[in-house]
Amino acid sequence: MPICWEEGLAREFVASLSKDERKALENFKDKVDTKGHDDIYLMKFVRARNLSVDKAVKMYNKAMEFMDGYDFEQLLPCCDPPPGPKLYYPSGFYGICRDGCVVAHCAVGNCDARGIVKTCPLNELFRYELWNAALITKLSQMRSVEEGRLLDKVTYVFDLEGLGMKHFYQPFMTMFTGMCDIFEANFPESLHKLILLNPPKIFPAAFALVKPFLNESTKKKFIFMGTNQRENYKKLCEHIEPKWLPNRYGGNVPDEDTQVSFGGVIPQDNFLREEDVFENPTEYDLSHGICTINIDVENEPTKVEIWLSGTTAVSFELVDENEDIRIKRTTVNFSQTPQHFMFFSFKRGTYKATIKVSSRSWGKKLVNVEVKKHKNPKGVETEKHLRWWMNIHMPNHMHLLDNLHLDGRHPPSEKVDFTTSTPSQPPLSLSSSSTTT
């Protein structure tokens, strides 16, 4: 899914670059596969590495490898978020800051650290974070069209109330630091402000774990507040109007009307179990260390899901007919939930999955595998959430959704006249020209 802003704004952006920035951008573009991304998105990597082209290329290539491995191109048109994280991972989008940027919330202190990692596989938690990043990028693109100016950054409100030793649970820390790294590594220079509320005494130690994943420019955007709700409300109002603040922060909006999940204890009924995903699994004996599985797909858009569970940690690799790697994970364990891999195919072919034992252990080395195929996949949550958000925040611009492009292109503009725009496509169209993840 190419990330492209309105072309008129993109031209203005390039015109605003300094001579050194423009030179660095052109050198950078000569060394990478831009994948259709526009100059606004590409320049984020160059600026994140202080115009060092070689470092920017390394950062960009790593980001593209990661995003391709999670089918970023198909997240908005074809994927829905997993139900567990959608209900209980404490995050969401509501409000517009005084500078015009979309406001995102994360009440990490109220997250059930042991429960959230049992609601879905780690891969799907990371995919959910990418889905959120793609969605907030789309919201920012439409805000830019509404305002007629580039609004490519996000204001985050992090509520740390409740943060404690329970959040140092290793599987949760792996998940949370990984999700922080997804935003920082794949969408650099996209943070406008990060407001931290209600820091507990344990916060300095917790922040020390996350701090290495943040670059210096990001750290400068942090705004630290205290634990006094009245004082916090006054300070928040300096950055966000009261009409966009939830009740929990002293604002005018009932928490339930924001569609932001503020976390809480997760009932065990929401934990993912093997019987929830396996209908007719095949058991493979890995006593010899390896097994291979061929997956045939037809000549039409297909979402392929591969579910695994087992008694030993494994590595997983999926290649296409050209031996190009589509998915590669060095360590997959089943201590929390069954694990899940997914890819999209748009032509007839055979894919090969290779599963290897990745740890030394005694006893039987068994793995259960089930492959599920969904033809002509279509996500419904993306358009549903976009329409809700637009109706609340941009009710006079609902027409932008009539020709909504979920394949990465900007929404049409009535404010900027440009002649090089691509033809409109129906909402939620599946980009059939994309054959690789």
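Here, the structure is the one placed above.
Each chain carries its own residue numbering, running from 1 in the written order of its sequence. Restriction of local features to residues with pLDDT of at least 70 applies here, the model being predicted, together with a cutoff of 80 or more for giving and counting side-chain atom pairs; totals for whole chains, interfaces and linings are based on all residues. Values reported for side chains reflect all heavy atoms of the structure, with hydrogen atoms and water molecules removed beforehand.

Chemist: Explain the pattern of salt bridges here, please?
Modeler: Two side chains that carry opposite charge are able to pair once their charged atoms sit near each other. Any Lys or Arg side-chain nitrogen found within 4 Å of a carboxyl oxygen on Asp or Glu counts as a salt bridge. Scanning the entire structure with this criterion turns up 18 salt bridges. Where arginine 127 meets glutamate 124, a salt bridge forms, and the shortest distance between an N and an O atom there is 3.0 Å. Of this pair, arginine 127 and glutamate 124 both sit in helix α8 (residues 122-147), three residues apart, which is roughly one turn of the helix. As far as the burial class goes, arginine 127 and glutamate 124 line up, both buried. Runs of E in the DSSP output that reach at least two residues are strands. Runs of H or I that reach at least four are helices, and both are numbered from the N terminus. Burial classes follow relative accessibility: with a 1.4 Å probe on protein chains only, a residue under 20% of its type's maximum area counts as buried, one over 50% as exposed, and anything between as partly exposed.

Chemist: In this structure, what is going on with helix α12 (residues 229-237)? I would like to understand it.
Modeler: Because each turn of an α-helix spans 3.6 residues, side chains separated by three or four positions end up pointing in the same direction. Looking only at α12, the buried set comprises Asn232, Leu236 and Cys237. The buried residues of α12 occupy an angular sector of 130 degrees when projected down its axis, which confines them to one face. Any two residues having at least one pair of non-hydrogen atoms within 4.5 Å are treated as being in contact. Where α12 is buried, its residues contact β4 (191-197). Where α12 begins, the side chain of asparagine 228 points an oxygen toward the backbone nitrogen of arginine 230, at a separation of 3.0 Å. Arc definition: directions from the helix axis to the C-beta atoms. In protein, a polar contact means a hydrogen-donor-capable atom and an acceptor-capable atom, both N or O and within 3.5 Å, with residues adjacent in sequence counting only if both atoms are side-chain atoms; elsewhere, any N or O pair within 3.5 Å suffices.

Chemist: What am I meant to see in the packing of helix α1 (residues 7-16) against helix α3 (residues 39-48) here?
Modeler: Each pair of packed helices gets described by two things: the angle between the helix axes and the distance between those axes. Two elements in contact, α1 and α3, have axes separated by 10 Å at closest approach and are oriented at 35 degrees. Taking contact as the criterion, the partners of Leu9, Ala10, Phe13 and Val14 in α1 are, on α3, Asp39, Ile40, Met43 and Arg47. The axes used here are C-alpha line fits, helices contributing only the stretch in contact, and every angle between their N-to-C directions lies in the interval 0 to 180 degrees.

Chemist: I'm lost on the environment of alanine 113 in this one. Help?
Modeler: Among the structural elements, alanine 113 can be located in helix α7 (residues 113-116). Considering only alpha carbons, one finds alanine 113 and phenylalanine 168, 55 residues apart in sequence, at a separation of 8.2 Å.

Chemist: Just to check I follow, could you spell out the packing of α8 against helix α14 (residues 381-393) for this structure?
Modeler: Packing of α8 against α14 brings their axes to within 11 Å, and their N-to-C directions diverge by 40 degrees. Taken as axis vectors, α8 and α14 run oblique relative to one another. In this structure, the crossing between α8 and α14 has a hand that is right-handed. In contact with Trp131, Leu135, Lys138, Leu139, Met142, Arg143 and Glu146 of α8, α14 contributes Glu381, Thr382, His385, Leu386, Trp389, Met390 and His393. Grouping the constituent residues of the contact of α8 with α14 by class yields seven nonpolar, three polar and four charged. What sets the label is the angle itself: under 35 degrees gives roughly parallel, over 145 gives roughly antiparallel, 65 to 115 gives roughly perpendicular, and the rest give oblique. We call a crossing left-handed when the near helix sits turned anticlockwise from the far one by less than a right angle, and right-handed when that turn is clockwise. Residue polarity is assigned by list, with Asp, Glu, Lys and Arg as charged and Ala, Val, Leu, Ile, Met, Phe, Trp, Tyr, Cys and Pro as nonpolar; anything else, Gly included, falls into the polar class.

Chemist: Help me understand helix α2 (residues 19-31) in this model?
Modeler: Expected helix span is taken as 1.5 Å per residue step, with the number of steps being one fewer than the number of residues. Compared with an ideal rise of 1.5 Å per residue, which puts 13 residues at 18 Å, α2 spans 19 Å between its outermost C-alpha atoms and is within 8% of the ideal. Turning to α2, its buried residues are Glu21, Ala24, Leu25 and Phe28. The buried side chains of α2 occupy one side of the element, clustering within an arc of 100 degrees when seen end-on. Every exposed residue of α2 that faces more than 90 degrees away from the buried side is listed here: Lys19, Lys23 and Asp30. Contacts from the buried residues of α2 go to α3 and α4 (53-69).

Chemist: Can you walk me through the pairing of β4 in this structure?
Modeler: The side chains of a regular strand alternate between the sheet's two faces. Buried residues dominate β4, accounting for six of its seven residues. The pairing criterion for strands is at least two bridges between them, as found by DSSP. The pairing of strand β3 (residues 154-159) with β4 spans six bridges and is parallel. Residue pairing in the sheet places valine 154 in a bridge with leucine 191 of β4. Handedness of the β-α-β unit built from β3, helix α9 (residues 170-186) and β4 comes out right-handed. Two elements, β4 and strand β5 (residues 222-224), share three bridges in a ladder whose sense is parallel. Bridge pairing in β5 places isoleucine 195 opposite isoleucine 223. Seen with its strands pointing away from the viewer, a crossover is right-handed when the path leading from the first strand over the helix to the second is clockwise.

Chemist: Any chance you could explain the sheet that holds strand β13 (residues 366-375) here in plain terms?
Modeler: Note: strands within a sheet are paired through backbone hydrogen bonds, in either parallel or antiparallel orientation. Here four strands make up an open sheet; going across it, the order is β6-β13-β8-β11 and the pairing antiparallel. Taken across any chain shown, the strands that pair with only one partner, and hence form the sheet edges, are β6 (282-285) and β11 (339-345). Neighbour-to-neighbour, the strand axes of this sheet turn through a mean angle of 25 degrees, independent of strand direction. In terms of strand pairing, strand β8 (residues 302-310) meets β11 through seven bridges, oriented antiparallel.

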